[in-house]
Structures are given as structure tokens and as C-alpha cells.
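# Summary of the model geometry
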Amino acid sequence: MADCIFCKIASGEIPSTMVYEDDTVAAFKDLEPQAPTHVLIIPKKHVVSAADLGKDDRELAAHIFCDVVPKLAKELGLSKGFRVVTNAGEEGGQTVMHLHFHLLGGRSMQWPPG
Ligand code: 5GP
Ligand code: ZN
């Protein structure tokens, strides 16, 4: 999608520190890390938020959670634990309107997140 920063990162138009990439998913380091490890996992296709996932996205969502998250957690050394979070919409705190999952680790996470 034109003018979407994460579409541009997925296509390589905007540079990022990519840590994982395949046909449908990309993962790259967050520009303003909130933890020692802070990676954003995105679908390459433009989906606005978790509210916009549908039946056609089952394979994509399963791929992210069943393949990419555990693989990255292992590769990034998050054996003590990690957090995966997605912000959706205004009250959810979403600032970039392209679905992304924050993978955070390397420190103790507090709950509730605030
Ligand atoms: P949200 O608030 O939408 O859940 O998260 C958006 C995240 O994207 C933030 O953590 C922010 O630091 C990150 N971010 C925004 N612009 C860029 C960018 O151009 N490159 C990278 N790598 N991260 C970005
Ligand atoms: Zn996009």
C-alpha cells in the first residue's frame, strides 16, 4: 500500500535491520526498542490491524505464531521468556497502521503493561 511505512520496509524501499524474511512475513528491529530485544513481525501484505484479520488469513496467522515466533525466540536467545503483543486501533495504542507483532525480550516484563 502506498504511503505505508511497513509496506515500504517489507519491500526494501525503506531500510531496516531485517532479522527474518520469507514470502509472506518479515521481521525487523524496532527503531525505538523498548527492551534489549525488540523485533516487529509483520505480514508482507497490507493488513491494518488484528481487527482486520479474517478467514483468508488463517495460514498467515498460524505461520507467524507456529513458525516465526518460536524460531525467532530461539535464534534471538530468549530462552528465559518473551512477550508478543499487538496494538490495534487508537485505544489499543497502535501508531503504525500495518499489522505488527512486537516480540520483546531480554528483560523482565511487568504486568499490566500500562
Ligand atoms: P505501535 O505503536 O503501532 O504498536 O508500534 C509501532 C512501532 O513501530 C513502534 O515501536 C516504533 O518504534 C516502530 N517504528 C515506527 N517507525 C519505524 C521505522 O521506520 N522503522 C522501524 N524499524 N520501526 C519503526
Ligand atoms: Zn502496509
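Just above, that's the structure.
Residues numbered from 1 in each chain as written. Chains lettered and ligands numbered in written order. Predicted model: local features only at pLDDT ≥ 70, side-chain atom pairs only at ≥ 80, totals over all residues. Heavy atoms only, no water.

### Remarks on the coordination of the zinc ion (ligand 2)
- Around the zinc ion (ligand 2), the protein contributes the donor atoms Cys4 (SG), Cys7 (SG), His46 (ND1) and His98 (ND1), which lie 2.0 to 2.3 Å from the metal centre.
- Taken together, the four donor atoms surrounding the zinc ion (ligand 2) define angles of 105 to 116 degrees at the centre, an arrangement classified as tetrahedral.
- Mapping the donors of the zinc ion (ligand 2) onto the primary sequence yields the spacing C-x2-C-x38-H-x51-H. Of the two residues, His46 is situated in the loop between β3 (37-43) and α2 (58-75) and His98 in the loop between α3 (89-92) and β5 (101-105); the sequence distance between them amounts to 52 residues.
- Overall, His46 belongs to the partly exposed group, its relative accessible area being 26%.
- His98 gets classed as buried once you look at its relative accessible area, which sits at 0%. (Donors = N, O, S within 2.8 Å, 3.2 Å for Na, K, Ca; no water. Tetrahedral: all angles 85-135°; square planar, octahedral: opposite > 155°, others 65-115°. Helix = DSSP H or I, 4+ residues; strand = E, 2+ residues; numbered from the N terminus. Buried < 20%, exposed > 50% of the residue type's maximum accessible area, 1.4 Å probe, protein only.)

### Points about the site of ligand 1
- Around ligand 1, 16 residues are found, and the nearest of them are Lys29, Asp30, Asn87, Thr95 and His102.
- In the environment of ligand 1, an oxygen atom lies 2.8 Å from a nitrogen or oxygen atom belonging to the side chain of Asn87.
- When ligand 1 is considered free in solution it has 530 Å² of accessible area, and contact with the protein chains removes 84% of it.
- At the level of secondary structure, the elements contributing two or more residues to the shell around ligand 1 comprise α1 (5-11) and β2 (25-29).
- Per element, the largest residue contribution to the shell around ligand 1 is three residues, and it comes from α1. (Near = heavy atom within 4 Å. Polar contact = N/O pair within 3.5 Å; in protein donor to acceptor, adjacent residues only side chain to side chain. Areas by Shrake-Rupley, 256 points an atom, 1.4 Å probe, with all protein chains shown as cover.)

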